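# Breakdown of the fold
Listed below are the residues making up each chain.
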Amino acid sequence: MTSIESLTLEVADTAAANRFYTAFGLGAQVRLRASGAPTTGFRGFALSLTVSQPATVNGFIGAALDAGATPLKPAAKSFWGYGGVVQAPDGTIWKVATSAKKDTGPATQQFDEIVLLLGAADVAASKRFYVDRGLVVTKSFGRKYVEFATASSPVKLALYGRRALAKDVGVPMDGTGSHRLMLGSVAGSFTDPDGFAWEAASLTTTP
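Residues numbered from 1 in each chain as written. Predicted model: local features only at pLDDT ≥ 70, side-chain atom pairs only at ≥ 80, totals over all residues. Heavy atoms only, no water.

The name given to the protein chain in an unreviewed UniProt entry is Putative lactoylglutathione lyase, with Streptosporangium album as the source organism.

See the structure below:
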């Protein structure tokens with residue numbers, strides 16, 4: 001079954017990006033690769049950290065801002081829980097959220113899962129593409145949102161409409177050029193309908 005075995009961010013300055021992600025608390029989870037590929041505006045995806053409580057959201061958001069991230073949406077309560085959005089210096093958008101509305105203990109620097117949200121031009125078409133490659137759907141809300149089973153993958157994969165995703169993270173939906181994202185999988189190399197590239201996991205850069 002296709003799953004995300006590794007996730008590599010392509011950045012202009014790997015040393016600076018490594019310092020940021022170490023300070024952010026994700027140094028071991030994020031792979032980095034040097035790239036000067038041109039890109040402008042929204043790159044069509046966001047990464048989401050799911051955590052246990054609001055205090056932990058605040059801890060991750062605070063660490064990111066202290067390390068040089070740009071705030072896109074301040075951490076705040078919503079009908080679904082509590083969360084905020086920042087943009088890393090390399091341009092990657094990170095959402096940190098919890099379904100809990102109250103703290104049950106002290107803040108930790110631990111997260112429950114990482115979710116890769118891909119902005120799709122046609123969620124139904126992209127869903128069919130991934131189902132044809134062996135992914136199993138666990139949640140599906142028509143043409144709005146699809147979530148896939150992760151098995152042993154360190155990263156959960158989900159599809160969101162591109163416009164809806166941009167609105168959710170607080171940026172304009174327009175963007176051009178490279179996604180600056182490479183996904184590693186044992187299923188080999190392919191490119192999805194929205195231009196997100198996958199490669200054989202054995203070819204990905206080590207952390």
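A separate point is the pattern of salt bridges. In this structure the tally under the stated criterion is 6 salt bridges. R33 is the salt-bridge partner of E10, the closest N and O atoms lying 3.8 Å from each other. One end of the pair, E10, is in strand 1 (residues 6-11); the other, R33, is in strand 2 (residues 31-34), and 23 residues separate them in sequence. Of the two residues, E10 and R33, both sit in the buried class. Salt-bridge contacts for D168 lead to K95; the nearest nitrogen and oxygen are separated by 2.8 Å. A residue pair is termed long-range when its members are at least 10 positions apart, and D168 in helix 4 (residues 162-169) and K95 in strand 7 (residues 93-98) qualify at 73 residues. Residue D168 shares its accessibility class with K95, and that shared class is buried. Linked through salt bridges whose partners overlap, the residues forming this network are E10, R33 and E199. (Salt bridge = Lys/Arg side-chain N within 4 Å of Asp/Glu carboxyl O. Helix = DSSP H or I, 4+ residues; strand = E, 2+ residues; numbered from the N terminus. Buried < 20%, exposed > 50% of the residue type's maximum accessible area, 1.4 Å probe, protein only.)

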